[in-house]
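One letter stands for each residue in the lines below.
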Amino acid sequence: LFIGYHARRGAYTGVLEHTYHGGVVNDVLVNGKPMGETGINAAMAGYFKVPVVLVTGDSVVTEEARSILGSVETVTVKEGVGRFAARCVSPLKARVLIKKGAARALKSAHKFKPFRIKQPIKIDVSFIHTGMTEMAELLPGTRRIDGRTVTFVSDDYLEAFKALRAMITLAGTNV
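What counts and what doesn't
Residues numbered from 1 in each chain as written. Predicted model: local features only at pLDDT ≥ 70, side-chain atom pairs only at ≥ 80, totals over all residues. Heavy atoms only, no water. Salt bridge = Lys/Arg side-chain N within 4 Å of Asp/Glu carboxyl O. Helix = DSSP H or I, 4+ residues; strand = E, 2+ residues; numbered from the N terminus. Contact = heavy atoms within 4.5 Å. Buried < 20%, exposed > 50% of the residue type's maximum accessible area, 1.4 Å probe, protein only. Pairing = 2+ DSSP bridges. Axes fitted to C-alpha atoms, helices over the stretch in contact; angles between N-to-C directions. Parallel < 35°, antiparallel > 145°, perpendicular 65-115°, else oblique. Left-handed = near helix turned anticlockwise from the far one by under 90°. Nonpolar A, V, L, I, M, F, W, Y, C, P; charged D, E, K, R; others polar. Right-handed = clockwise from strand over helix to strand, strands pointing away.

Comments concerning the pattern of salt bridges
Point 1. For the structure on display, the rule yields 6 salt bridges.
Point 2. Asp27 is the salt-bridge partner of Arg8, the closest N and O atoms lying 3.1 Å from each other. Highlighted residues: Arg8 in the loop between strand E1 (2-5) and strand E2 (25-30) and Asp27 in strand E2, separated in sequence by 19 residues.
Point 3. For Glu137, the salt bridge is made with Arg144, and the minimal N-O distance between the two is 3.1 Å.

Brief notes about the environment of Leu164
Point 1. Along the chain, Leu164 falls in helix H5 (residues 157-171).
Point 2. Sequence spacing of Leu164 and Ser108 is 56 residues, and the spatial spacing of their C-alpha atoms is 32 Å.
Point 3. Those residues in contact with Leu164 that lie beyond four places of it in its chain are Tyr20, Val28, Ile40, Ile123 and Val125.

Details of the environment of Phe115
Point 1. Looking at the secondary structure, you find Phe115 in the loop between helix H3 (91-107) and strand E7 (121-127).
Point 2. You can call Phe115 buried: its relative accessible area is 16%.
Point 3. As a C-alpha pair, Phe115 and Asn41 span 74 residues in sequence and 9.5 Å in three-dimensional space.
Point 4. Residues within four places of Phe115 in sequence aside, it is in contact with Met35, Gly39, Ala42, Ala43, Gly46, Tyr47, Ile68 and Leu69.

Structural notes on the sheet that holds strand E9 (residues 149-154)
Point 1. Reading across the sheet, the 5 strands line up as E3-E2-E7-E9-E8 and stay open at both edges, with antiparallel pairing between neighbours. This sheet does not close on itself; its edge strands, each paired only once, are strand E3 (33-34) and strand E8 (143-146).
Point 2. Two elements, E7 and E9, share 6 bridges in a ladder whose sense is antiparallel. Bridging from a neighbouring strand, Asp124 pairs with Thr151 of E9.
Point 3. With respect to the sheet, H5 is in contact with E2, E7 and E9, its orientation differing from that of E7 by roughly 10 degrees.

Some thoughts on the environment of Ala43
Point 1. Along the chain, Ala43 falls in helix H1 (residues 37-47).
Point 2. For Ala43, a relative accessible area of 2% translates into the label buried.
Point 3. If near-sequence neighbours (up to four positions away) are discounted, Ala43 is found in contact with Phe115, Ile117 and Tyr157.

A look at the packing of H1 against helix H2 (residues 59-69)
Point 1. Running from N to C, H1 and H2 point in directions that differ by 45 degrees, and their axes come no closer than 9 Å. By the criterion of interaxial angle, the relationship of H1 to H2 is oblique. Here the hand of the crossing between H1 and H2 comes out right-handed. For the pair H1 and H2, contact is made by Thr38, Gly39 and Ala42 and by Val61, Glu64, Ala65, Ile68 and Leu69, respectively.
Point 2. For the contact of H1 with H2, the class distribution of residues is 5 nonpolar, 2 polar and 1 charged.

Brief notes about the pairing of strand E4 (residues 54-58)
Point 1. Burial runs high along E4: 5 of the 5 residues are buried.
Point 2. By the bridge criterion, 2 bridges tie E1 to E4 in an arrangement that is parallel. Bridge pairing links Phe2 to Val55 in E4.
Point 3. Inspection of the sheet shows E4 paired to strand E5 (residues 73-82) by 5 bridges, in the parallel sense. The residue bridging Leu54 from the neighbouring strand is Glu73, located in E5.
Point 4. Taking the sense of rotation as the criterion, the β-α-β connection linking E4, H2 and E5 turns out right-handed.

What follows is the structure in structure tokens.
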């Protein structure tokens, strides 16, 4: 269950849109497809054969979840009007909606399939500035594509995920 998720960095009207570290990551592509935390984390769950059955958040992230995962229960609790502004349902109503959505998702959990990324897994990460890229490319196995982008390829999603997180951490030392 992904509760309170945010849309990927750059998503129009995504409330607090970011991908892991908003001050470091500009964009992440997985096998050439732009992907935020919803898809990246769903693939991590899928690696362990666990389906994502529920995603809650703003209308942008719930649409993102459906576009990536297909069949998934979603609960929209706010409509973004900008990065720092949204029309929200009340906290009480949000809790009720999320509880009902979780109950529906868990009741039909057997229908959901784990999300898997096809091999080879290629992760391209573009950073805010070139100094971050220089730090990220210190990770063995990475290759710098251009001034702000590093790529990593693996047949193992867990390895690729760990590389992504390590690149972000390294890049974050040069904020």
